[in-house]
Amino acid sequence: PEPLDGPCPDPEPGLLRSQSALERGWDVRVVPRDTDAFKALAKMLHVSTPRELGYGRDVREAGRHSKLTLHAAWQVLAPSRKSKYQLELDDVRHKVSLIRKCLDSDLPVVVTKLDEAATGLAIEAAVNEKFLLHGTSKA
């Protein structure tokens, strides 16, 4: 991005309003609690086996826990990185279509525990794009 002269332009509501954030090419926006994205993120924290909570190197508070609760979420906005990601995604889509033609069939779909919860988030199912949480496996 070009350097800014004078005061920062007014970014869209919810963005950090620091000139340095705009100059570095990325910003952060709070995800409102009443949005589909926030609700989908909260669903992703559902714990089907609470007895597994409270173990591991990242546990900060010992004791029994029965659930995880999403209190806040932020979206990182990085237009140039998003453009680069979209170009890479187009490349993967093209390669997948070539493989489908060569095999004369669809590629296997990877199924994860988070698929249902992630339906409120934008993912590219055609290339098996997935959301995964730290410490989880695809099974």
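Structure shown above.
Please read all numbers here as calculations on a predicted model, not as lab measurements.

Visitor: Talk me through the nonpolar core; I want residue IDs and the actual numbers.
Guide: Within soluble globular proteins, side chains that are nonpolar generally end up buried alongside one another. Ranked by size, the top nonpolar core spans 5 residues in total: Ala40, Met44, Leu114, Ala117 and Leu121. Dropping the residues within four chain positions of it, leucine 114 is found in contact with Met44, Phe131, Leu132 and Leu133.

Visitor: How would you sum up the pattern of salt bridges? Please name residues and give values.
Guide: Note on pairing: side chains with opposite charge can pair once their charged atoms come close. Overall, the coordinates contain 5 salt bridges when judged by the stated rule. Residue arginine 93 pairs with aspartate 90 through a salt bridge whose shortest N-O separation is 2.5 Å. Of this pair, arginine 93 and aspartate 90 both sit in helix H3 (residues 79–103), 3 residues apart, roughly one helical turn. In this structure, aspartate 115 engages lysine 130 in a salt bridge whose closest nitrogen and oxygen atoms are separated by 3.1 Å. In this pair, aspartate 115 is assigned in the segment after H3 and lysine 130 in the segment after H3, connecting sequence segments 15 residues apart. Residue classification places aspartate 115 among the partly exposed residues on the basis of a relative accessible area of 23%. Salt bridges here are not isolated pairs; linked through shared partners, they connect Asp90, Arg93 and Glu124.

Visitor: Which residues make up helix H2 (residues 36–44), and what values do they have?
Guide: Within H2, burial applies to Phe38, Ala40 and Met44. Viewed along the axis of H2, the buried residues span an arc of 160°, placing them on a single side of the element.

Visitor: A description of the environment of tryptophan 26 should follow, citing residues and the corresponding values.
Guide: Inspection of the secondary structure assignment puts tryptophan 26 in the loop between helix H1 (19–24) and strand S1 (27–30). Between the alpha carbons of tryptophan 26 and proline 79 there is a distance of 7.0 Å; along the sequence they are 53 residues apart. Contacts of tryptophan 26, omitting those with residues within four sequence positions, involve Ala21, Val76, Leu77 and Ala78.

Visitor: How would you sum up the side chain of glutamate 129? Please name residues and give values.
Guide: Within the secondary structure layout, glutamate 129 lies in the segment after H3. Here glutamate 129 occupies a buried position and makes no salt bridge, while the nearest side chain of opposite charge, arginine 93, is found at 7.2 Å. Separated by 2.5 Å, the side chain of glutamate 129 and the backbone nitrogen of glutamate 124 make a polar contact. When sequence neighbours within four positions are dropped, the list of residues in contact with glutamate 129 reads Tyr85, Ala122, Ile123 and Glu124.

So, how was this worked out
- Residues numbered from 1 in each chain as written.
- Predicted model: local features only at pLDDT ≥ 70, side-chain atom pairs only at ≥ 80, totals over all residues.
- Heavy atoms only, no water.
- Core = buried A, V, L, I, M, F, W, Y, C linked by side-chain atoms within 4.5 Å.
- Buried < 20%, exposed > 50% of the residue type's maximum accessible area, 1.4 Å probe, protein only.
- Contact = heavy atoms within 4.5 Å.
- Salt bridge = Lys/Arg side-chain N within 4 Å of Asp/Glu carboxyl O.
- Helix = DSSP H or I, 4+ residues; strand = E, 2+ residues; numbered from the N terminus.
- Arc of directions from axis to C-beta.
- Lys, Arg positive; Asp, Glu negative; His and termini not counted.
- Polar contact = N/O pair within 3.5 Å; in protein donor to acceptor, adjacent residues only side chain to side chain.

Treat this as a map of the structure, not an account of what it does.
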